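# Commentary on secondary and tertiary structure
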Amino acid sequence: MAIIPVFIPHAGCPHQCVFCNQKTISGQQTVSSRDVEQQLERYLQWIKPGPSNEAAFYGGSFTGLPADLQTELFRPVDKLLAEGVIGSVRLSTRPDYIDAARLELLQAHGVKTVELGVQSLDDNVLAAAERGHQATDVYKAVSLLKQYGFEIGLQLMVGMPGQSFDSVKATVEQVLRLGPSFARIYPLLVIKGTPLEHIYERGEFEPLTLEAAVEQSAYVYSKLTLAGIKVIRVGLQADEELCSEGNIVAGPFHPSFGELVQSFLLYAELTPQLQRLFCQGAGNIVITCPSKLESKLRGLKNNNLRRWQQLAGPVPVNIKAKPDAERIMISWRLDDE
């Protein structure tokens, strides 16, 4: 399966949220069918035609565009569908731009998956971010999307203005009840040229530390995956636009944010087991893992391993990677052995 991305930054958005400045990041002010064609052409030479391929509109609120412009943007994609190069289309939009007429238009052009920019289900947080919609809009949108048979994804954020960890947890509980197919999790960053930059400079907003953002994102990830909701991305894509000099003013950015979250979850999972072993007098503890998990298990700059060694005191704790290992295993010996 190949996903062919088409970026329509900020297109269809009725206003600017405090944290958003996609037009500046992308350098793209308008969107047309020719823009879509040019973006598709960059990828088509590498794509083997097939029904599992998917064209994906990213970055804007697609259903907020006028219906005739939506139809125009679909035209190059319709051609690929008719030729069998792709089998479906996906897009992202706002929850308050979902209604029967819009969904019927999407169905007519092969759209199978709709992602909603939800961010939070706390109305106070949504108001502080100037999202322009309420939690009830999300509930209505998800219900209607399910009626029309669309696969649903929800985009969530941590670290928003006025958003406590308790607020994040409450949002997660609501998301579990909504039952989307998948989700994305992003930490809020202060981006140059956004209203939030000015709020931050006035000292009226403090972004999460990297550690707090990892902890909160890990909580969301764990709760969703345990409920069978697939998390398809954690952290913002570290692309050239986002990472251009001076663009990130403040906030918990890390190019491997998703790996930090996975590492945190492994630490949280294994620490109780190791603590029990320490209390039982186990020595020479070795954590064996598949090679692909070694960096996540060790943590950033061996942080997990160092913390386990500190908990163990004089007891040696080591990590051993094995290419043929299928899962993480802990071995030890007792001091009197």
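Quick notes on the rules
Residue numbers restart at each chain and count upward from 1, following the sequence in its written direction. In keeping with the predicted nature of the model, local features appear solely for residues at pLDDT of at least 70, side-chain atom pairs appear and are counted solely at 80 or more, and the whole-chain, interface and lining totals rest on all residues. Excluded from the side-chain calculation are hydrogens and water; included are all heavy atoms of the structure. In DSSP terms, a helix is any run of H or I states spanning at least four residues, a strand is any run of E spanning at least two, and both are numbered starting from the N terminus. Here's how the labels work: a residue is buried when its accessible area is under 20% of the maximum for its type, exposed when over 50%, partly exposed in between, all with a 1.4 Å probe on protein chains only. Only heavy atoms enter the contact rule, under which two residues are in contact if any of them lie within 4.5 Å. Surface accessibility follows the Shrake-Rupley procedure with a 1.4 Å probe radius. Residue values consider only the protein chains on display as shielding. This count recognises Lys and Arg as positive and Asp and Glu as negative, with His and chain-terminal groups excluded. For this purpose, a charge sits on NZ of Lys, CZ of Arg, CG of Asp or CD of Glu. The span expected for a helix works out to 1.5 Å for each residue beyond the first. The term bend refers to the angle at a residue between two fitted axes, each drawn through seven residues, those ending there and those starting there. In this text, buried Ala, Val, Leu, Ile, Met, Phe, Trp, Tyr and Cys residues form a nonpolar core when linked through side-chain atoms within 4.5 Å. The pairing criterion is simple: DSSP has to find at least two bridges between the two strands. As a rule, the C-alpha atoms of each element are fitted with a line to give its axis, helices using only the stretch in contact, and angles between N-to-C directions run from 0 to 180 degrees.

Here the focus is the overall build of the protein. Looking only at helices and strands, the protein has 12 helices and 12 strands in total. Considered along the principal axes of its C-alpha atoms, the protein spans approximately 80 × 50 × 40 Å. Every one of the 337 residues in the protein was classed for burial, and the buried ones make up 47%. For the protein, restricting intrachain contacts to residue pairs at least 6 apart in sequence, the fraction spanning at least 24 positions comes to 79%. Summed over its atoms, the accessible surface of the protein is roughly 16300 Å², and 50% of this surface lies on carbon and sulfur atoms. Side chains of the protein carry 32 positive and 37 negative charges; the gap between the two charge centres is 5 Å.

All right, on to unusual backbone geometry then. Of note in the backbone geometry, Q119 takes a positive phi value of approximately 70 degrees without being a glycine. Relative to the helices and strands, Q119 is located in strand 4 (residues 111-119). Residue classification places Q119 among the buried residues on the basis of a relative accessible area of 7%. Unusually for a residue other than glycine, K301 sits at a positive phi of about 55 degrees. Here K301 shows up in the loop between helix 11 (294-298) and helix 12 (303-312).

What follows covers helix 10 (residues 257-279). The terminal C-alpha atoms of helix 10 lie 33 Å apart, and with 23 residues this matches the ideal 33 Å at 1.5 Å per residue to within 8%. The largest bend in helix 10 comes to about 35 degrees, at T271, with the proline P272 one to four residues further on. Every buried residue of helix 10 is accounted for by F257, L260, V261, S263, L266, Y267, L270, T271, L274, L277 and F278. Phi for G281, located one or two positions after helix 10, is positive at around 85 degrees.

In this section: the environment of A101. Note that A101 resides in helix 4 (residues 100-108). In this structure, the C-alpha to C-alpha distance between A101 and G246, residues 145 residues apart in sequence, is 42 Å.

So, on to the nonpolar core. Nonpolar side chains in soluble globular proteins generally cluster together in the buried interior. In terms of nonpolar packing, the biggest core is built from 60 residues, with F57, V114, L116 and L224 touching the most fellow members. When sequence neighbours within four positions are dropped, the list of residues in contact with L224 reads L156, V172, V175, L176, A183, I229 and V231.

The next point concerns the sheet that holds strand 1 (residues 3-7). Read across the sheet, seven strands follow the order 1-2-3-4-5-6-8 without closing on themselves; strand pairing throughout is parallel. Lying at the two open borders of the sheet, with one neighbouring strand each, are strand 1 and strand 8 (230-234). When the angles between neighbouring strand axes are averaged without regard to direction, this sheet yields 20 degrees. Direction of pairing for strand 4 relative to strand 5 (residues 151-158): parallel, over a ladder of six bridges. Note on strand 5: the bridge partner recorded for V114 is I152. Helix 2 (residues 33-44) rests against strand 1 and strand 2 (54-58) of the sheet, and its axis sits at about 150 degrees to strand 1.

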